Amino acid sequence: MSLLVISPGKDPEAWVKALKEQHPGLNIYVYPEDHDKEEVEFALTWKHPRGIFKNYPNLKVIASMGAGVDHITSDEELPENIKITKVVDDRLEEDMGTFVLSLILAHQRNLLHYRESQLNEKWEPVPYTRNNQIKVGILGIGNLGQRVAHKLLQNDFQVIGFSRNKKEIENVESFAGEDELDEFLEQSNILVNMLPLTPNTEKILDKELFEKLPKGAYLINVARGEHLVEQDLLAKVDDGHLSGAALDVFWEEPIRDEHPFWKHPKIRVTPHIASVTHPKSVVPQIIENYERLQDREPLKNEVKRDIGY
Ligand code: GLV
């Protein structure tokens, strides 16, 4: 049995090195080098070329190199019975937690304003709201979202969470299901989108949703660009309903030249760096699943294919 690494557009070297170091006996192929397709039972991938998995008759598991699996599940030619796994990693959660906290603090303490003032050689103090007066709504409160909630609670913010099913998280009021979405949105002074991308959540961040947020609300998107209707965000920031947004993910990455986000004074753009997978820290769970597959044991961090995450 062999493991196939497929990551066009991203150098797979660090992954191959970590796999070899941590499992010297492993037979690894790196796509598209010459390899026997029948031998491959396990693939480790990030943004594979669409449709290729149907050419692997013995493929059993596709492991995502990251927390998201939409780059796999969106392939319409994905064979039915293949299992998909995602990364669940303490370090990724920590990075996500500190990143979102930094964005929120920077927004709430007006750091962009002061940078602008500084460049204009202006001394311009503005009022600010204290952390405990701000309610942050985490839209999609899974593993990563819970770490974000934890960091925010440690910093005195109020936190509420929205998910498909109710969650018991200490000091976080849980909202679940479509019926409770409006009530959740109406209270979110800052909305942090952490939803998985599925056909149900694509374009969820639209005009209608923004209008349910309190006036002056701020949006943070650290999930996927495809959640956001970009024109609707621009309209709602420009008409003053939203105070601004911090976006780490985009429909097209990098965003094109002349994209209105680049120079927008109220929109902060970062290049998809909220939490970046470190091959060395993630490879042990990949190897563990590779071994579980050989031993016919249940896989860890398996995605429910029917719901897509
Ligand atoms: C990054 O976006 C990931 O899904 O890990």
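Relevant structure appears above.
Described in the following lines is the structure provided in the data block. Predicted model, so just to flag it, every value in this text is computed and none were measured. (Residues numbered from 1 in each chain as written. Predicted model: local features only at pLDDT ≥ 70, side-chain atom pairs only at ≥ 80, totals over all residues. Heavy atoms only, no water.)

Observations regarding the sheet that holds strand β2 (residues 28–30)
The strand order across the open sheet built from five strands is β2-β1-β3-β4-β5, with neighbouring strands paired in parallel fashion. Each edge of the open sheet carries a strand with a single partner, namely β2 and β5 (83–85). Between one strand axis and the next, the sheet turns by 20° as a mean value, whatever way the strands run. Relative to strand β3 (residues 40–45), strand β1 (residues 2–6) runs parallel, the two sharing five bridges. From the neighbouring strand, L3 faces β3, where its bridge partner is F42. Relative to the sheet, helix α1 (residues 13–22) contacts β1, β2 and β3, its axis offset from that of β2 by approximately 175°. On the sheet, helix α9 (residues 279–294) packs against β1, β3, β4 (61–64) and β5 and is oriented at approximately 160° with respect to β3. (Pairing = 2+ DSSP bridges. Helix = DSSP H or I, 4+ residues; strand = E, 2+ residues; numbered from the N terminus. Axes fitted to C-alpha atoms, helices over the stretch in contact; angles between N-to-C directions. Contact = heavy atoms within 4.5 Å.)

Thoughts on the packing of aromatic side chains
Inspection of every chain in the model, using the stated rule, returns four aromatic pairs. Judged by centre distance (5.6 Å) and plane angle (45°), the ring pair of F162 and F184 falls under tilted. On the criterion of sequence distance, the pair formed by F162 in strand β7 (residues 158–163) and F184 in helix α6 (residues 181–187) is long-range, its members being 22 residues apart. When sorted by exposure, F162 lands in the same class as F184, which is buried. Summarising the aromatic geometry, the rings of F250 and F261 are spaced 6.2 Å apart at their centres and angled 55° between planes, so their arrangement reads as tilted. Linking F250 in the loop between β11 (242–247) and β12 (267–269) with F261 in the loop between β11 and β12, this pair joins segments that are 11 residues apart in sequence. Each of the two residues, F250 as well as F261, counts as buried. One aromatic cluster in this structure is built from F162, F175 and F184. Its guanidinium or amino end placed over the ring of Y128, R109 lies 3.6 Å from that ring's centre, counting from NZ or CZ. (Phe/Tyr/Trp six-rings, centres within 6.5 Å; stacked < 30°, edge-to-face > 60°. Buried < 20%, exposed > 50% of the residue type's maximum accessible area, 1.4 Å probe, protein only. Lys NZ or Arg CZ within 6 Å of the ring centre and 35° of its normal.)

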